[in-house]
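Given next are the chains, with one letter for each unit.
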Amino acid sequence: MRGMLNKLLARLIVYGELDVIWPDGTASHYAGAPGPIAAIAIHDDATVRRLALGPGMALGEGYMDGTITPVDCSIHDVLHVLMASVERAERDVPLLRAQAVFNRVARPLVQMNDARKARRNVAHHYDLNGRLYSLFLDRDRQYSCGYFPRGDETIDEAQIAKKRHIAAKLMLDRPDLTVLDIGCGWGGMALTLARDYGARVTGITLSVEQLNEARSRAQAEGLAERVTFELVDYRNMNRTFDRIVSVGMFEHVGLPNYQAYFDTIKRCLHPDGVALVHAIGRFDGPAGTSPWLAKYIFPGGYSPSLSEVFGPVERSGLRSTDIEILRLHYAKTLNHWRKRFAANRDTIASLYDERFCRMFEFYLSGSELAFAVQDHMVFQLQLARRQDAVPLTRDYITETERKAARQTA
């Protein structure tokens, strides 16, 4: 199997350099165009075999288990070489090409997120110890892409800017507008819309941990009369609202459920209402979720291409009134998270263990690089039932943001 893995790496590494120290102590060097440099040690033959047959799963598991270790570098450096090379060479490497085809074909099966499976998938990641997220997210626990108008914002500034940007697109131009927040997280967006814009918000989630925290926050901030949080699947929501927002939740819907998702927005949106969906997407067309990410981090998760999104939108009868692509904003967000995680690593290890820390390091680095050197991006899709629900130009977005920034300065 060493020979097979050697051939795979020789074809794969087209950008940067990678040194591999094999279980017997010998070393191999792989190099492509000038780029990042990294080295790993593989500590047993079983890991060599798993890497040769299924590198997408074996690399992450090997790092978690300690059978693959970076040498004089970090796992981020290793992934930088590998992921930048995969982006350039995947179509030319038969094993990687075959795995990509399999992952794409298997999407409908692995993403059949009915109500029971959806709740189980959410619990897998979001019902972890609440203190974990406070140790690497911003103060408001916004677990989604921040917004970097200048590019050098702190993570707290970027998340405040993101909420302001979304609020502007929701056109909260008068008090007491009703808002449905689909996938409300720990409540930060809902509380912001109520506190700063006078909205009356209903947040729904499938995470018990997030539900309890969001309710506690609403009570503590004196907003319990304006904001309510419920443990509800979006498909079971039948009330109507002036505005609907969904941030970082669409990635968990699953391809077979896109039609139900947008039909729900149409059903729950007032005729003159406005909705805003903020989600991860991809530039290069339909693909599959990393098998490692699906197993350990986001079971049932998928980041779609826009071609997969607009068909269900069109069939729902909703109008696409605006779309914006945020290209490198999530790479910047994840870079902040990764550094904050590293700064608090000892505390996080005391909550869980070393294997958990390595799992999260692999996840944060791989995700950052998916946006920095591969095809991932974030889209914000504004929707309405009527074409005249929003102004003719986008000028109102910037004007509203600037006004809100002055009021909170």
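Model, not experiment: these values are computed from the prediction.

Asker: Any chance you could explain the sheet that holds strand β4 (residues 68-70) here in plain terms?
Answerer: Strand pairing in a sheet relies on backbone hydrogen bonds. The paired strands run either parallel or antiparallel. With respect to topology, four strands assemble into an open sheet ordered β2-β1-β3-β4, the strand pairing being mixed. Two strands bound the open sheet, and with one partner strand each, they are β2 (27-31) and β4. Sheet twist, expressed as the mean angle between neighbouring strand axes with direction ignored, is 25°.

Asker: It is not clear to me how the pattern of salt bridges should be interpreted in this structure. Could you clarify?
Answerer: Note that side chains of opposite charge can pair when their charged atoms are close. Applying the stated rule across the entire model yields 24 salt bridges. In this structure, the salt-bridge partner of Glu324 is Lys169, at a minimum N-O distance of 2.5 Å. In this pair, Glu324 is assigned in strand β10 (residues 319-326) and Lys169 in helix α9 (residues 155-170), connecting sequence segments 155 residues apart. The residues Glu324 and Lys169 share a single accessibility class, namely buried. Glu354 is the salt-bridge partner of Arg358, the closest N and O atoms lying 3.3 Å from each other. Placement of both Arg358 and Glu354 in helix α17 (residues 354-372) is noted, with a separation of four residues, approximately one turn of the helix. Here the residues in one salt-bridge network are Arg150, Asp152, Glu153 and Glu157, joined through shared partners.

Asker: Which parts of the structure should I look at to understand the packing of helix α3 (residues 55-65) against α17?
Answerer: Think of two packed helices as two axes; the pair is described by the angle between the axes and how far apart they sit. Between α3 and α17, whose axes approach to 8 Å, the crossing angle comes to 145°. The chirality of how α3 crosses α17 is right-handed. Contacts between α3 and α17 involve Leu59, Gly60, Tyr63, Met64 and Asp65 on the former and, on the latter, Arg355, Arg358, Met359, Glu361 and Phe362. A breakdown of the residues in the contact of α3 with α17 according to their chemical character gives five nonpolar, one polar and four charged.

Asker: Before we go on, may I ask you to explain the side chain of His278 in this structure?
Answerer: Tracing the sequence through the fold places His278 in strand β9 (residues 269-282). By relative accessible area, His278 is classed as buried at 2%. Of note is the side chain of His278, whose polar atom sits 3.0 Å from the side chain of Gln380. Those residues in contact with His278 that sit more than four places away from it in its chain are Ser144, Cys145, Lys162, Ile166, Ser246, Val247, Gly248, Leu326, Val378, Phe379 and Gln380.

Asker: Teacher, can you tell me more about the pairing of strand β11 (residues 376-384) here?
Answerer: Counted residue by residue, β11 has nine buried out of nine residues, so it is predominantly covered. On β11, burial covers both faces: His376, Val378, Gln380, Gln382 and Ala384 on one face and Met377, Phe379, Leu381 and Leu383 on the other are all buried. Bridge count between β9 and β11: nine bridges; the pairing is antiparallel. From the neighbouring strand, Arg282 faces β11, where its bridge partner is His376.

Asker: Looking at this structure, how should I read the side chain of Thr333?
Answerer: Locating Thr333 in the fold gives a position in helix α15 (residues 329-343). Beyond its immediate sequence surroundings of up to four residues, Thr333 is in contact with Ser144, Cys145, Gly146, Phe148, Ile155 and Gln159.

Asker: It is not clear to me how α3 should be interpreted in this structure. Could you clarify?
Answerer: Spacing of three or four residues puts side chains on the same side of an α-helix, whose turn is 3.6 residues. With respect to burial, α3 is a largely interior element, eight of its eleven residues being buried. Immediately downstream of α3, the backbone of Gly66 shows phi near 85°, a positive value.

Asker: I'm lost on the sheet that holds strand β6 (residues 200-205) in this one. Help?
Answerer: On the basis of which strands lie adjacent, the open sheet formed by seven strands has the order β7-β6-β5-β8-β9-β11-β10 and mixed pairing. Of all the strands in the sheet, the pair left with one neighbour each is β7 (227-231) and β10. On average, adjacent strands in this sheet sit at an angle of 15° to one another, irrespective of strand direction. By the bridge criterion, three bridges tie strand β5 (residues 178-182) to strand β8 (residues 241-247) in an arrangement that is parallel. Looking at the pairing, Val179 lines up with Arg243 of β8. Where helix α11 (residues 208-220) meets the sheet, its contacts fall on β6 and β7, and the angle it forms with β7 comes to roughly 165°.

Asker: In this structure, what is going on with the environment of Leu172? I would like to understand it.
Answerer: Here Leu172 lies in the loop between α9 and β5. Owing to a relative accessible area of 12%, Leu172 belongs among the buried residues under this scheme. Distance from Leu172 to Asp242, taken between C-alpha atoms, is 9.4 Å for residues 70 residues apart in sequence.

Asker: Can you help me understand the packing of aromatic side chains in this one?
Answerer: Two numbers describe a pair of aromatic rings. These are the distance of the centres and the angle of the planes. Scanning the entire structure with this criterion turns up 24 aromatic pairs. Plain terms: the ring middles of Tyr330 and Trp337 are 5.8 Å apart, the flat faces sit at 85° to each other, and that makes the pair edge-to-face. Looking at Trp337, the relative accessible area reads 0%, which means it is buried. On the numbers, 5.6 Å between centres and 10° between planes, the contact of Phe341 with Phe360 is stacked. Of this pair, Phe341 sits in helix α15 while Phe360 sits in helix α17, and the two are 19 residues apart along the sequence. Phe360 matches Phe341 in its accessibility class, with the two residues each being buried.

Asker: Quick question: what am I supposed to make of a nonpolar patch on the surface here?
Answerer: On the surface, Met1, Met4 and Leu53 cluster together to form a nonpolar patch covering roughly 290 Å² of accessible area. Within the secondary structure, Met4 is located in helix α1 (residues 2-12).

Cut-offs and rules
All residue numbers refer to positions counted from 1 along the written sequence of the respective chain. Per-residue local features of the predicted model are confined to residues with pLDDT of at least 70, and side-chain atom pairs are confined, for both listing and counting, to 80 or more; whole-chain, interface and lining totals are unaffected and use all residues. Calculation of side-chain values draws on the structure's entire complement of heavy atoms; hydrogens and water are dropped beforehand. Between any two strands, at least two bridges found by DSSP are needed for them to pair. Secondary structure follows DSSP: runs of H or I at least 4 residues long count as helices, runs of E at least 2 residues long count as strands, and numbering of each begins at the N terminus. To get an axis, fit a line to the C-alpha atoms, keeping to the stretch in contact for a helix; angles then go from 0 to 180 degrees between the N-to-C directions. Take a side-chain nitrogen of Lys or Arg and a carboxyl oxygen of Asp or Glu: if they are within 4 Å of each other, that pair is a salt bridge. The classification of residues rests on relative accessible area computed with a 1.4 Å probe and restricted to protein chains. Under 20% of the type maximum is buried, over 50% is exposed, and intermediate values are partly exposed. The sense of a crossing depends on the near helix, which, turned anticlockwise from the far helix by less than a right angle, makes the crossing left-handed and, turned clockwise, makes it right-handed. We call two residues in contact whenever any of their non-hydrogen atoms come within 4.5 Å of each other. Throughout this entry, Asp, Glu, Lys and Arg are counted as charged residues, while Ala, Val, Leu, Ile, Met, Phe, Trp, Tyr, Cys and Pro are counted as nonpolar. The remaining residues, Gly among them, count as polar. A 3.5 Å cut-off defines polar contacts: any pair of N or O atoms within that distance qualifies, except that in protein one atom must be a possible hydrogen donor and the other a possible acceptor, and neighbouring residues in sequence count only when both atoms are side-chain atoms. Paired rings are identified among Phe, Tyr and Trp, the last through its six-membered ring, by centres lying within 6.5 Å, and are further divided according to the angle between planes into stacked (under 30 degrees), edge-to-face (over 60) and tilted (the rest). Grouping into patches uses exposed residues only, defined as over 30% relative accessible area, and leaves out salt-bridged ones; the cut-off is 9 Å for like charges and 5 Å for nonpolar side chains (Val, Leu, Ile, Met, Phe, Trp, Tyr). The Shrake-Rupley method, run with a 1.4 Å probe, gives the accessible areas here. Residue values count only the displayed protein chains as cover.

Any functional reading would require information that these geometric values do not contain.
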